Amino acid sequence: MNRLLLVLFALFAPSLPAQQIVRGFTSSSTPRQLALERKLRTIPEPGRIRKYMKRMADEPHHAGSAGSKAVAHYALGLLREWGLDAKIETFETLLPYPTTQLVEMTAPVLYRANLREPVLTEDKDSADANQLPAFNAYSASGDVTAPLVYVNFGIAEDYEQLRRMGIDVKGKIVLARYGKGWRGTKPRLAQERGAVGCIIYSDPKEDGFYQGDVYPAGRFRPPGGVQRGSVMDMPLHVGDPLTPGWASVAGARRLAREDARTIMKIPVIPLSSRDAAHLMRQLGGPVAPEGWRGAMSVTYHVGPGPATVHLKLDFDWAIRPIHNVIATIKGSVYPDQWVIYGNHHDAWVNGASDPVSGASALLESARALAEMRKTGWQPKRTIKLALWDGEEFGLIGSTEWVEKHRVSLAAKAVAYINSDSTGKGLLSADGSPFLDSFFSQVLREIPSPAGRGTLFESARGTARDDHFHLGSLGAGSDYVPFLDHAGISSLNLGFGGEASGIYHSTYDSIEWYKRFSDGDFTYSRTLSALTATMLTRLADADLLPFEFKRLAHAVGTYADELARLPGGGKLDLQELRAELSRLASAAKAYEIEYQAALARGARGSPETLGPLNQAIFQTERALTLESGLPGRPWYKHQIYAPGVHTGYSAKTLPAVREAAEAGQWMEANRQAREVARVLRELGARLVSLTRQLRTL
C-alpha cells in the first residue's frame, strides 16, 4: 500500500463500521480477536455471580476484621481452583474502631440518640452479629458539650450564608446533612471555622421517604438508617494516614497520630434522621433559608441553641491487617506489561451492593479468563486481577499496594480498570481521555442487558456525535492511587442510576439487593463480560489503543472554563494554549501514523514493539509532576484531582483552578505554566512515538 493510500486509510478508517476495525489490531489479527471476545462473553453466568454474593455478603466483613480476612481467603480459594496464580498481600494499617459513642442533648430537654439501626424482621442480616456500629472513621476522639448550629450541607457556601446571617460556629457543634460534597469536607470546614464537633445526618429529602417508599417496603433509607463512612481528609492524600507516600508494610516507619494530616481534629459522628429530628426540634434562631429545609417533620431553624449537645467519642486507634487478593495471568509475549482490574471486597457491614456486587462480577471475569486459558489462549500482556481491602476507610489497600509497587508500576502498568458497586440501570463510566476511543468501541460489541441493542446505544444517551464520552475521574474509589499518584491511565465503571437509600448501612444486604437492584444478575453478568473484553483487548493489542486528540480537546475546554471564572481576565493562559495547539497537531500526526502502521500490519519483532508500546502507555506519566499539587504533593496528576473542597468530584486543571477560585492570580498563572510544561512533555513524547511508528 503506497503512502497516500495509507494516509487516506488513516483519515477515514474511524468512520468505517466498528466490526471492520478494532483499534489496536491489524486487519489480520482483528478477526481472531473478535472471535475470542465473542467466545469469552458466553462464559459469565448470573447464577455463579449470585453464588459469590451469597458467600461474601452473608456476614459483616469490615476492613481489619476476621470477616474481611475470610472473604479474602474465599476469593483466593476460587482463583486458585480455577487455575490462576493468586496470592494475598497483607499490609498493617491504622483502622480505628469506636469504643465510646455518646450523643445526648442536655438542654433545653434531655435526649440520648439511639445510635443503633433497628432490626427488621423482613431482613435477617439486619440482626447479624459482629456489625460495627455506625461511625465516621478517622474522626477525632473527644468529649465536648456545646450549643448546636444547623449548617445545611456544611459546604463553603453554607458558611458564607451563615456569615451573612451573623451566625458564628466557633465553639459550637455543627449539624450538617449528607449531600452536596464529600463527607470528609464537612468536618474539615467546620473545624477550620472553630467548631468543636460535627454531626452528619441523612435527611429524608435526599435519602429517605421524600424519594419513595423506605426499606423494607421500598428501596430508600428508613428513618433509623445511618450512613457510615470515612471522614479522612482524602483531598490531601488517601491510604494509611500514618504512612503517606510509602507502604504500610510490617516494620514501616509511621507518623505519630497527632502528625497525621488526614485525621480530623474534632469528633464526628453520623446520625439517622430519626435521631437528628429530636435535635432539630430544639433549635431556635432564624428559620433556615428555603433551600436549607429538608423533609423532616419539623421547622428547620439554624440556631445557635438552645439545643445543647454532649458529644463523647473514643476509638481504639489500632493497627490492623488488611488483605489484598492478587491474581496474575502471565503474558506470553510482554510479561512485563500489566493490565490491571480491581474492585474492593471490604464493606461497612454486609455490603451486598457496595462492594460485593462489583467484586462478584470481577470474580466471574476471572473465571471467564481462566476458562479461555483452558482452550489454549494466553494473553500477550500480563493481566492482574485485584480484590482490595480497606477501601471504605480511605482506599487503603489499593493505595498501599501502589505505593509498595510504584517503581514496577511506573515501568509496567498499561492501564487500570476499576469497578465498585454495580446494580441495575444505565452504565456510568469515567476515565482517562487516552482511553476514550478504546472504550467507546468496546461498548459496540456488548449487548445491552436491557435487551435493546448494544451498550454503546444504551449508554451514549443524548450525545450528538457518534461517541461515548468518559467523564472526569475525581475520587471515591480505588482508581485514585493509580491515576493521581502513579500516573496510570484509568477507568471506573459500573451500572446504576436507580437511586437507593441503603448506602453504607446495615440494610445493604442480599435481601435488599435481590428485591431492589439487579436481582437476576443480568447487569452484573454484562459488567463481567464488558471488563473481560476490555482486559483481553488491552492485553492482546498489536499497538495499544491509546488516542490523544481527545485529551487536547478536553484541556482546551478546561482552559475556556478557567477564562470564564470571575476575574478570569487576570489569568495568563497564553503559554498553556500555545502548548495545547502544538499538542493537538502532534496528536493528529500520531493518529495518522498509528493507523498507517496498523494498515501495514504493524511489522516488528517483540523487541521492537515492546518498547514502543511501553512508550505509548507511559504517556499518562507525562501529565504528572513529582512535586505534586500545591499543599498536597501526594496528588501528582496536573490535569485531574479531587477538589480540596469538593472531595469526590473532579477538579480539572486543579492547581490553576483552585488558585484562581481563591483569587490568587499570581499563583494561578504560575500553575498555568506548570500545566504548559506537562503538555509540552506529552507533545514531545507524541512526536517521538510518531517517528517510531513510521519505521514499522
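Calculation criteria
- Residues numbered from 1 in each chain as written.
- Predicted model: local features only at pLDDT ≥ 70, side-chain atom pairs only at ≥ 80, totals over all residues.
- Heavy atoms only, no water.
- Axes fitted to C-alpha atoms, helices over the stretch in contact; angles between N-to-C directions.
- Helix = DSSP H or I, 4+ residues; strand = E, 2+ residues; numbered from the N terminus.
- Parallel < 35°, antiparallel > 145°, perpendicular 65-115°, else oblique.
- Contact = heavy atoms within 4.5 Å.
- Nonpolar A, V, L, I, M, F, W, Y, C, P; charged D, E, K, R; others polar.
- Expected span 1.5 Å × (residues − 1).
- Buried < 20%, exposed > 50% of the residue type's maximum accessible area, 1.4 Å probe, protein only.
- pLDDT = per-residue confidence, 0-100.
- Pairing = 2+ DSSP bridges.
- Right-handed = clockwise from strand over helix to strand, strands pointing away.
- Left-handed = near helix turned anticlockwise from the far one by under 90°.
- Phe/Tyr/Trp six-rings, centres within 6.5 Å; stacked < 30°, edge-to-face > 60°.
- Lys NZ or Arg CZ within 6 Å of the ring centre and 35° of its normal.
- Salt bridge = Lys/Arg side-chain N within 4 Å of Asp/Glu carboxyl O.
- 1 Å grid on protein atoms, 1.4 Å probe; cavity = no way out; pocket = protein on both sides within 12 Å on 5 of 7 lines; lining within 4 Å.
- Points joined across faces, edges and corners; volume = space filled by probe spheres on them.

Trainee: Outline the packing of helix α21 (residues 654-661) against helix α22 (residues 665-694), listing residues and values.
Mentor: When two helices pack together, you describe them by how their axes are tilted relative to each other and by the distance separating the axes. Axis separation between α21 and α22 bottoms out at 8 Å; the angle between their running directions is 170°. In terms of orientation, α21 lies roughly antiparallel with respect to α22. Contact residues: α21 offers A655, V656, A659 and A660, while α22 offers W665, E667, A668, Q671, A672 and V675. Along the lines of polarity and charge, the residues of the contact of α21 with α22 split into 8 nonpolar, 1 polar and 1 charged.

Trainee: For helix α18 (residues 549-563), give the residues involved together with the corresponding values.
Mentor: The end-to-end C-alpha distance of α18 is 22 Å, a good match for the 21 Å that 15 residues give at a rise of 1.5 Å each. Residues L551, A552, A554, V555, G556, Y558, A559 and L562 constitute the buried set of α18.

Trainee: Mind laying out the confidence of the model for the protein chain, listing which residues take part and the relevant values?
Mentor: Residue-level pLDDT values for the protein chain average 94, and 96% of them are 70 or greater. Here residues 1-19 is a poorly scored stretch, pLDDT under 50, and it has 23 contacts once near neighbours within four places are set aside; other chains count.

Trainee: Give a detailed account of the sheet that holds strand β10 (residues 308-315), specifying residues and quantitative values.
Mentor: One open sheet holds the 7 strands; their spatial order is β3-β2-β10-β5-β6-β7-β9, and the pairing between them is mixed. Two strands bound the open sheet, and with one partner strand each, they are β3 (111-112) and β9 (268-271). Where strand β5 (residues 142-150) meets β10, 6 bridges bridge the pair, whose relative direction is antiparallel. Bridge pairing in β10 links P147 to T308.

Trainee: Quick one: what's the story with the pairing of strand β12 (residues 334-344), residue by residue and with numbers?
Mentor: Counting buried residues along β12, 9 of its 11 residues qualify, which places the element largely inside the surrounding structure. Bridging between β12 and strand β13 (residues 381-388) involves 8 bridges; their strand directions are parallel. By the bridge assignment for β13, N343 is matched with L387. The parallel pair β12 and β13, bridged by helix α9 (residues 352-374), forms a crossover whose chirality is right-handed.

Trainee: Describe the packing of helix α2 (residues 30-41) against α9, listing the residues and the values that go with them.
Mentor: Put simply, α2 and α9 touch, their axes get as near as 10 Å, and they point 125° apart. Between α2 and α9, the interaxial angle falls into the category oblique. In the packing of α2 onto α9, the handedness of the crossing is right-handed. Mapping the contact onto sequence places L36, K39 and L40 in α2 and A368, L369 and M372 in α9. Of the residues belonging to the contact of α2 with α9, the class tally is 5 nonpolar, no polar and 1 charged.

Trainee: Describe the packing of aromatic side chains, listing the residues and the values that go with them.
Mentor: Taken as a whole and assessed by the stated rule, the structure comprises 25 aromatic pairs. Taking the centre distance of 4.8 Å and the plane angle of 70° together, the rings of F434 and F548 count as edge-to-face. One end of the pair, F434, is in the loop between β15 (425-431) and α13 (436-443); the other, F548, is in the loop between α17 (522-540) and α18, with 114 residues separating them in the sequence. A relative accessible area of 1% places F434 in the buried class. F548 gets classed as buried once you look at its relative accessible area, which sits at 1%. An angle of 80° between the planes, with centres 5.8 Å apart, marks the rings of Y558 and Y640 as edge-to-face. Of this pair, Y558 sits in helix α18 while Y640 sits in strand β17 (residues 640-642), placing them 82 residues apart in sequence. The class for Y558 is buried, based on a relative accessible area of 9%. On the basis of relative accessibility, which here comes to 3%, the residue Y640 falls in the buried class. Above the plane of the ring of Y97 lies R320, whose end atom (NZ or CZ) is 3.5 Å from the centre.

Trainee: Mind laying out the pattern of salt bridges, listing which residues take part and the relevant values?
Mentor: A full pass over the atoms with the stated rule returns 40 salt bridges. For K87, the salt bridge identified is with E89, shortest N-O distance 4.0 Å. Judged by relative accessible area, K87 falls into the partly exposed class, the value being 44%. Given a relative accessible area of 7%, E89 falls into the buried group. Note that D233 is salt-bridged to R188, the shortest N-O span being 2.9 Å. Of this pair, D233 sits in the loop between β8 (229-230) and β9 while R188 sits in helix α6 (residues 185-192); the two residues are 45 residues apart in sequence, bridging distant segments of the chain. Note on R188: relative accessible area 6%, which makes it buried. It is possible to trace a salt-bridge network through shared partners that takes in E45, R48, E364 and R367.

Trainee: Got a sec to walk through the pairing of β9? Specific residues and values, please.
Mentor: Side-chain alternation along β9 places V268 and P270 on one buried face and I269 and L271 on a second face that is also buried. Pairing of strand β7 (residues 197-201) with β9 involves 4 bridges; the strand directions are parallel. Bridge assignment links C198 to a residue of β9, and that residue is V268.

Trainee: Tell me about empty space enclosed by the protein, and name the residues and values.
Mentor: Taken as a whole, this structure holds 1 cavity of 30 Å³ or more when the rule is applied. If you add up the space inside the largest cavity, you get close to 40 Å³. Taken together, W348, V349, G351, D354, H504, S505 and D508 form the lining of the largest cavity. Its residues placed into classes, the lining of the largest cavity shows 2 nonpolar, 3 polar and 2 charged.

Trainee: So, unusual backbone geometry: which residues are in play, and what are the values?
Mentor: Cis peptide bonds are those with omega within 30 degrees of zero, and the linkage from Y215 to P216 qualifies with 15°. With respect to the element layout, P216 can be found in the loop between α7 (204-207) and β8. In this structure, L115 is a non-glycine residue whose phi angle is positive, near 65°. Owing to a relative accessible area of 11%, L115 belongs among the buried residues under this scheme. Located in the positive-phi region is A602, a residue other than glycine, with phi close to 45°. Relative to the elements of secondary structure, A602 occurs in the loop between α19 (574-599) and α20 (606-617).

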